Amino acid sequence: MDQHVPITLTDELADDVVTASARLNLASGEIGRIEYHDWDVATQGHPWERDDYEFTSGTLSNAGKDVEFGVTVNRTSGQYSVSADELLEIKVKAAQLFAGISGTDLAGRTGRTH
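As the structure is a prediction and not an experimental result, all values here were calculated from the model.

**Section: the sheet that holds strand 4 (residues 53-62)**
The strand order around the closed barrel built from six strands is 1-2-3-6-5-4, with neighbouring strands paired in antiparallel fashion. With two bridges connecting them, strand 3 (residues 30-36) and strand 6 (residues 80-81) associate as antiparallel partners. Note on strand 6: the bridge partner recorded for I31 is Y80. Contacts from helix 2 (residues 84-99) reach strand 2 (17-25), strand 4 and strand 5 (65-73) within the one sheet, and its direction differs from that of strand 5 by about 170 degrees.

This is the structure:
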């Protein structure tokens, strides 16, 4: 089963917003296959390398519904990722939003029989 889902990354700079398509690994939280839109890394560098870089967020979309989340950038290696806590929250929100599954259902407590 493929554990990689397409996401949109948004790097916020002081006076600019840089977007990219990427893949989130739902098992590890690592983000890869980043393709910037209207941003030339060869001439402009990576957004996170700039002095005016502020933060990065991600969006997982399905059928017009979105789940937004925080993204960490290791400014030494350039690796984008989400924390384990953030990854769990993404999974819960995505299940609730996209499939109509409640947090209780996800925890395995789907109801009681009498």
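Back to the text.
**Description of the pairing of strand 4**
For strand 1 (residues 4-13) and strand 4, the ladder comprises six bridges, and the chain directions are antiparallel. Residue T8 lies in a different strand from strand 4, and its bridge partner there is T59.

**Focus on unusual backbone geometry**
Although it is not a glycine, R33 adopts a positive phi angle of roughly 50 degrees. Residue position: R33 is located in strand 3. Given the relative accessible area of 67%, R33 is considered exposed. Positioned with a positive phi, D38 is a non-glycine residue whose angle comes to about 55 degrees. With respect to the helices, strands and loops of the structure, D38 is situated in the loop between strand 3 and helix 1 (41-44). Of the residues examined, D38 reaches a relative accessible area of 83% and is grouped as exposed.

**With respect to helix 2**
For helix 2, which comprises 16 residues, the first-to-last C-alpha distance of 22 Å matches the rise-based estimate of 22 Å (1.5 Å per residue) to within 8%. Those residues of helix 2 lying buried are L87, I90, A94 and A95. Buried positions in helix 2, seen along its axis, are confined to an arc of 125 degrees and lie on one side of it. Exposed residues pointing more than 90 degrees away from the buried face of helix 2 are listed as D85 and L88.

**With respect to the nonpolar core**
Nonpolar side chains tend toward joint burial in soluble globular proteins. Ranked by size, the top nonpolar core spans 24 residues in total, and within it I7, L24 and I31 carry the most contacts. Elements that contribute at least two residues to this core include exactly strand 1, strand 2, strand 3, strand 4, strand 5 and helix 2. Apart from the residues lying within four places of it in its own chain, the contact partners of I31 are I7, L9, A22, R23, L24, V71, Q79, Y80, S81 and V82.

**Re the pattern of salt bridges**
Any two side chains of opposite charge can pair, so long as their charged atoms come close to each other. Applying the stated criterion across every chain, the model contains two salt bridges. Close ionic contact of D52 with R50 constitutes a salt bridge, the shortest N to O distance being 3.0 Å. When its relative accessible area of 30% is taken as the criterion, R50 is described as partly exposed. The partner of E89 in a salt bridge is K93, and the shortest N-O contact between them spans 2.9 Å. In this pair, E89 and K93 are both assigned in helix 2, four residues apart and thus about one turn of the helix distant.

Criteria and cut-off values
Residues numbered from 1 in each chain as written. Predicted model: local features only at pLDDT ≥ 70, side-chain atom pairs only at ≥ 80, totals over all residues. Heavy atoms only, no water. Pairing = 2+ DSSP bridges. Helix = DSSP H or I, 4+ residues; strand = E, 2+ residues; numbered from the N terminus. Contact = heavy atoms within 4.5 Å. Axes fitted to C-alpha atoms, helices over the stretch in contact; angles between N-to-C directions. Buried < 20%, exposed > 50% of the residue type's maximum accessible area, 1.4 Å probe, protein only. Expected span 1.5 Å × (residues − 1). Arc of directions from axis to C-beta. Core = buried A, V, L, I, M, F, W, Y, C linked by side-chain atoms within 4.5 Å. Salt bridge = Lys/Arg side-chain N within 4 Å of Asp/Glu carboxyl O.

Worth remembering: the numbers are spatial, not functional.
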